[in-house]
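# A structural walkthrough
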Amino acid sequence: MTSPANLPEERIGVYVCHCGSNIAGTVDVEDVAQWAAGRLKHRGVVIARDYKFMCSSLGQEMIEKDIKELGLTRVVVAACSPHLHENTFRTACKRAGLNPYLCELVSIREQVSWVHTDKVAATEKSKAVVSGGVERVLWHEPLEPLRVPIHPATLIVGGGIAGIQAALEIADGGSPVYIVEREPSIGGHMAQFDKTFPTLDCAACILTPRMVSVGTHPNITMLTWSEVTKVDGYVGNFTVTVCKKARYVNTDLCNGCAVCQDKCPKKIVDEVFEAGLGYRKAIYTPFAQAVPKFPVIDRENCTYFQKGTCRACEKFCPTGAIDFNQQDETITLQVGNIILATGYDLFDPRRIPHYGYGRLANVFTSLEFERLSNAAGPTNGKIVLRDGVTEPKSVGIIHCVGSRDRNYNNYCSVICCMQGLKFAHLVKERTGATVFNFYIDMRTAAKAYDEFYQRVLEEGTLFIRGRVAEVTDAARLHGEEGKLIIQVEDTLASKQRRIPVDMVILSAGLQPRRDAKAVAKLFGISCSADGWYIEKHPKLDPVATMTEGIFIAGCVQGPKDIPSTVVQGAAAAARVLGRIQQKEIALEPVRASINQDRCSGCRICNNLCPYSAILFHEDRMVSEVNPALCQGCGTCVAACPAGAISGTGFSNEQILAQLEGLLMLNLDGDGRMPVKVREAVAI
């Protein structure tokens with residue numbers, strides 16, 4: 001394949017990076033550069049250099065200098081993944097006056113050095129990769145980024161501590177915020193906790209002021225008891241449909257006096273906030289400090305909605321705020337950016353039957369214990385057994401329940417060790433009971449965490465290293481009658497042990513919300529194999545996603561403690577504020593486009609596009625790509641049976657030319673790919 005006939009003779013610079021020893025340890029980079037300068041000269045290469053760190057300031061200056069002095073019209077950089085440094089080298093080209101999209105970055109670190117041990121083979125493969133880059137860059141065209149205005153409003157989905165932090169940061173920056181929460185109140189899981197490790201601050205004491213700030217902030221609109229049902233548009237211009245469920249309470253009239261709750265005769269086990277340990281009424285606010293203060297009526301359990309009778313709440317309401325005729329409301333929001341902070345679910349220990357939860361009365365989950373130890377909980381903070389009276393004399397706390405387990409979740413849930421230590425301290429402090437902590441490895445890596453571990457050790461908590469095999473009530477030895485027996489291998493003592501206790505607390509791990517995949521699909525982002533939302537880059541961009549304008553914060557990305565969650569909420573807010581202040585964003589111009597003369601109207605592309613970027617015009621029976629929504633993934637290009645769709649930056653000519661270079665078919669003669677080879681590649 002020859003160079004495009006309509007382009008002048010190109011002058012190409014090739015730059016090969018050592019990347020310290022990341023590349024140079026496996027690839028003879030000097031040989032690759034010398035080979036490119038000699039064997040690819042007839043393809044337009046006028047200079048080829050190698051440098052230890054091409055991404056450094058000195059490396060970039062070298063490229064800029066060559067562009068200016070040698071009149072380079074194309075640049076090929078052989079270094080690490082384009083995902084990491086493509087923008088670095090494009091920016092260097094732009095500073096030198098060369099269109100940044102005339103730069104091609106080929107990976108010889110991830111795709112060569114890191115996957116090979118044979119230096120000779122790796123060097124030869126690097127030459128082929130560079131050859132492919134040179135052939136491809138000949139077909140590059142100057143491109144300009146797409147500029148999209150940014151709507152100043154932001155949508156935050158999830159009213160836990162991550163969403164609260166993000167909302168306050170953006171609102172304090174002077175921009176409007178909508179916060180959507182599916183529960184009647186914001187606060188999330190943190191509102192259920194008693195103390196927070198390692199400082200043992202009262203969770204409500206540090207959370208409630210922020211909740212109140214959200215509820216009273218002039219720039220924040222709260223939509224609780226609501227869910228997002230549809231998302232249209234693109235970065236800077238999202239149209240979001242929200243279903244605001246009927247509370248059956250007129251919030252303009254309600255003063256939060258709670259008379260309706262006192263008079264409601266229907267009691268229901270509270271499976272959500274009280275984790276099944278307490279009761280609530282059919283009309284309720286989840287907890288005393290709820291924001292907003294307005295109650296909701298649980299339609300499924302309300303006597304009026306079941307039988308048409310009762311209406312006690314309506315009769316006794318002093319302000320006449322009860323409205324049984326209220327209907328669900330659909331609200332449409334215009335926002336420029338979206339932050340997802342929908343949190344996590346607790347692992348259900350019933351999935352591990354040998355731990356006895358749900359079968360043995362005095363086996364508690366970590367969330368149940370949080371409510372048990374909370375002064376505002378169902379026992380007013382008294383740590384007692386299921387009978388509600390008996391104080392335990394011995395307690396076993398089992399770590400890593402559902403975490404670090406190939407049968408359930410193979411990852412570490414981050415908070416379990418510190419959570420177990422906190423529980424040990426609270427049990428000791430309030431009951432004086434003997435406490436056993438059963439752990440696999442103690443992970444207390446954050447600030448002041450290990451000091452807290454040492455404190456709990458000094459308080460007399462007993463630690464047994466080993467995974468618990470079983471929790472049973474089948475007594476075999478003297479002293480086990482009426483107890484729960486924890487069967488465990490003590491790996492430090494190298495023996496099996498049976499520990500009788502009165503109470504067992506399962507430090508359950510964190511896992512993605514049950515609807516995480518459905519929510520990800522709604523917002524056009526991806527989940528990992530474990531179900532957590534995938535960030536743009538795990539180290540350099542942990543709050544953005546591959547969908548422009550959609551950010552993540554808190555445990556939607558993966559398990560984390562409260563400080564890390566707050567940090568990520570603030571980080572996502574900072575990214576959004578930066579875009580709002582810029583007033584517009586430059587989007588990558590690598591997009592698909594449809595030749596409408598060739599479009600057959602089959603709609604295959606419409607159904608396959610993961611970003612819903614392709615519209616179908618019924619009047620003309622043709623499809624059209626919305627470039628602001630398109631992410632340039634190429635799915636439609638590959639699927640179009642008529643070949644009517646092309647991808648900017650990934651045209652057939654570019655791909656075929658790169659393949660020709662990779663196959664080294666450009667080294668002799670005019671470099672034309674044999675017809676049979678070209679036909680095979682095209683297929």
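Residues numbered from 1 in each chain as written. Predicted model: local features only at pLDDT ≥ 70, side-chain atom pairs only at ≥ 80, totals over all residues. Heavy atoms only, no water.

## Comments concerning the overall build of the protein chain
Counted only if it meets this: The helix count covers DSSP runs of H or I at least four residues long, the strand count covers runs of E at least two residues long, and both are numbered beginning at the N terminus. For every residue, the accessible area obtained with a 1.4 Å probe (protein chains only) is divided by the maximum for its type, and the residue is called buried under 20%, exposed over 50%, and partly exposed between those limits. Between two residues, a contact is recorded if the distance between any of their heavy atoms is within 4.5 Å. Calculation of accessible area relied on Shrake-Rupley with a 1.4 Å probe; when residues are assessed, cover is drawn exclusively from the protein chains displayed.
If you tally the helices and strands in the protein chain, you get 18 helices and 34 strands. In terms of principal-axis extent, the alpha carbons of the protein chain reach across some 90 × 70 × 45 Å. The buried share of the protein chain, taken over its 683 residues, is 53%. Nonlocal contacts in the protein chain, meaning residues at least 24 apart in sequence, comprise 69% of its contacts between residues at least 6 apart. Of the roughly 30,700 Å² of accessible surface on the protein chain, a fraction of 50% belongs to carbon and sulfur atoms.

## Digging into the environment of P176
Structurally, P176 is set in the loop between α5 (161-172) and β7 (177-181). Each C-alpha atom of the pair P176 and T221 lies 7.9 Å from the other, and the pair is 45 residues apart in sequence. The contacts of P176, once residues within four sequence positions are left out, are P152, A153, T154 and N219.

## Looking at the pattern of salt bridges
What counts, and what does not: Note on definitions: salt bridges are taken to be side-chain nitrogens of Lys or Arg within 4 Å of carboxyl oxygens of Asp or Glu.
Scanning the entire structure with this criterion turns up 36 salt bridges. For R371, the salt bridge goes to E274, with nearest N and O atoms at 2.9 Å. Remark: E274 occurs in the loop between β13 (267-270) and β14 (278-281) and R371 occurs in helix α10 (residues 366-373); sequence separation between them is 97 residues. Using a relative accessible area of 10% as the deciding quantity, one classes E274 as buried. Put simply, E480 and R498 hold a salt bridge, and the shortest N to O gap is 2.8 Å. Here R498 lies in strand β26 (residues 495-501) and E480 lies in the loop between β24 (468-472) and β25 (484-490), a separation of 18 residues in the sequence. Within the structure, one salt-bridge network assembled from shared partners comprises R182, E227, D345, R513, R514 and D515.

## Description of helix α13 (residues 516-523)
Because an α-helix packs 3.6 residues into every turn, residues spaced three or four apart end up facing the same way. Put simply, the test is: By construction, the arc corresponds to the directions joining the helix axis to the C-beta atoms.
Residues of α13 that are buried: A516, V519, A520 and F523. What you see down the axis of α13 is that its buried residues fit within an arc of 105°, all on one side. Turned more than 90 degrees away from the buried face of α13 sit K517, A518 and K521, all of them exposed.

## Quick word on the sheet that holds strand β2 (residues 45-51)
Paired through backbone hydrogen bonds, the strands of a sheet run either parallel or antiparallel to each other. Spelled out, the test is: If DSSP finds at least two bridges between two strands, the strands pair. In this analysis an axis means a line fitted to C-alpha atoms, helices contributing only their contacting stretch, and an angle means the value between N-to-C directions, from 0 to 180 degrees.
Pairing is parallel across the open sheet formed by four strands, whose spatial order is β2-β1-β3-β4. The two strands at the open ends of the sheet, each matched to only one other strand, are β2 and β4 (103-107). The mean angle between the axes of side-by-side strands here comes to 15°, regardless of whether they run parallel or antiparallel. With five bridges joining them, strand β1 (residues 12-17) and strand β3 (residues 74-79) adopt parallel strand pairing. Looking across to β3, one finds that V16 is bridged to A78. Seen against the sheet, helix α2 (residues 57-70) touches β1, β2 and β3 and runs at an angle of roughly 165° to β2.

## Quick notes on the domain arrangement of the protein chain
What counts, and what does not: The domain limits used here are those given by an automatic or database domain assignment. Two parts placed together each lose some accessible area; with a 1.4 Å probe, that loss summed over both constitutes the buried area. In protein, a polar contact means a hydrogen-donor-capable atom and an acceptor-capable atom, both N or O and within 3.5 Å, with residues adjacent in sequence counting only if both atoms are side-chain atoms; elsewhere, any N or O pair within 3.5 Å suffices.
Along its sequence, the protein chain is carved into domain 1 (7-145), domain 2 (154-343 + 514-582), domain 3 (345-511) and domain 4 (592-647). Of the residues lining the interface, six residues belong to domain 2; the matching set on domain 4 comes to five residues. Carbon and sulfur atoms make up 59% of the area that domain 2 and domain 4 hide from each other, which totals about 420 Å². Joining domain 2 to domain 4, the criterion identifies zero salt bridges. Our count for the contact surface shared by domain 2 and domain 4 stands at zero residue pairs in polar contact (both at pLDDT 80 or more).

## Notes on the packing of helix α11 (residues 416-431) against helix α12 (residues 449-458)
For the record, the criterion: Note on convention: the crossing is left-handed when the near helix lies turned anticlockwise from the far helix by less than a right angle, right-handed when the turn is clockwise. Residues are grouped as follows: Ala, Val, Leu, Ile, Met, Phe, Trp, Tyr, Cys and Pro are nonpolar; Asp, Glu, Lys and Arg are charged; all remaining types, including Gly, are polar.
Axis separation between α11 and α12 bottoms out at 10 Å; the angle between their running directions is 35°. Crossing angle aside, the handedness with which α11 passes α12 is left-handed. Of the residues in α12, those in contact with M418, L421, K422, A424 and H425 of α11 are Y449, F452, Y453, R455 and V456. Grouping the constituent residues of the contact of α11 with α12 by class yields seven nonpolar, one polar and two charged.

## Here's the deal with the confidence of the model for the protein chain
Going by this rule: How sure the predictor is of each residue is captured by pLDDT, a score from 0 to 100.
Here the protein chain shows a mean pLDDT of 92. Residues at 70 or above account for 96%. In the predicted structure, residues 670-683 sits below a pLDDT of 50 and forms 24 contacts with residues beyond four places in sequence or in another chain.

## Overview of the pairing of β7
Applicable threshold: Whether a crossover is right-handed comes down to one check: with the strands pointing away from the viewer, does the path from the first strand over the helix to the second run clockwise; if it does, it is right-handed.
Of all five residues in β7, four are buried; the element is thus mostly enclosed. Across four bridges, strand β6 (residues 154-157) lies against β7 in parallel orientation. Within the sheet, the bridge partner assigned to V157 lies in β7 and is V180. Note that the unit made of β6, α5 and β7 has a crossover that is right-handed. Pairing of β7 with strand β10 (residues 220-224) involves five bridges; the strand directions are parallel. When the sheet's bridge partners are listed, Y178 is paired in β10 with T221.

## A short note on the sheet that holds strand β20 (residues 363-365)
What the five strands build is an open sheet, ordered β20-β27-β21-β22-β23; its pairing is parallel. The strands lining the two open edges of the sheet, one partner per strand, are β20 and β23 (462-465). Here the strands of the sheet are splayed against their neighbours by 20° on average, with no regard to which way each runs. Sheet topology note: the strand β21 (residues 394-401)/strand β22 (residues 434-439) ladder contains five bridges and is parallel. Bridging from a neighbouring strand, I398 pairs with F438 of β22. Running over the sheet, α11 touches β21, β22, β23 and β27 (503-508) and is turned about 170° from β21.

## As for the side chain of Q192
Mapping Q192 onto the fold places it in the loop between β7 and β8 (195-196). Residue Q192 is classed as buried on the basis of its relative accessible area of 5%. In contact with Q192, not counting residues within four places along its chain, are V272, F273, L367, E370, R371 and N374.

## Focus on the packing of aromatic side chains
Any pair of aromatic rings gets described here by the distance separating the centres and the angle formed by the planes. Let me state the cut-off plainly: Stacked, tilted and edge-to-face pairs are distinguished by plane angle, under 30 degrees for stacked and over 60 for edge-to-face with tilted covering the rest, among Phe, Tyr and Trp rings (Trp via its six-membered ring) whose centres lie within 6.5 Å.
Within this structure, the stated rule accounts for twelve aromatic pairs. With a centroid separation of 5.5 Å and an interplanar angle of 80°, the aromatic rings of F197 and Y449 are classed as edge-to-face. Residue F197 is located in the loop between β8 and β9 (201-202), and its partner Y449 is located in helix α12; the two are separated by 252 residues in the primary sequence. No difference in accessibility class separates F197 from Y449, as the two residues are buried. Here the aromatic rings of Y304 and F305 are separated by 5.4 Å at their centres, their planes lie at 70°, and the arrangement is edge-to-face.

## A few points about the pairing of strand β18 (residues 337-340)
Residues N337 and I339 line one face of β18 and the alternating positions I338 and L340 line the opposite face, and both faces are buried. Judged from the four bridges that link them, β6 and β18 form a sheet pairing that is parallel. Residue L155 lies in a different strand from β18, and its bridge partner there is I338.

## Brief notes about the packing of helix α1 (residues 29-39) against helix α4 (residues 119-137)
Basically, it comes down to this: By definition in this entry, angles of less than 35 degrees are roughly parallel, angles greater than 145 are roughly antiparallel, angles of 65 to 115 are roughly perpendicular, and the rest are oblique.
Viewed as axis vectors pointing N to C, α1 and α4 meet at an angle of 40°, and their least axial separation amounts to 10 Å. One finds that α1 runs oblique with respect to α4. The handedness of the crossing between α1 and α4 is right-handed. Counting all contacts with α1, which are made through D31, V32, W35 and A36, the residues of α4 involved are T123, S126, K127, V130 and S131. For the contact of α1 with α4, the per-class residue count stands at four nonpolar, three polar and two charged.

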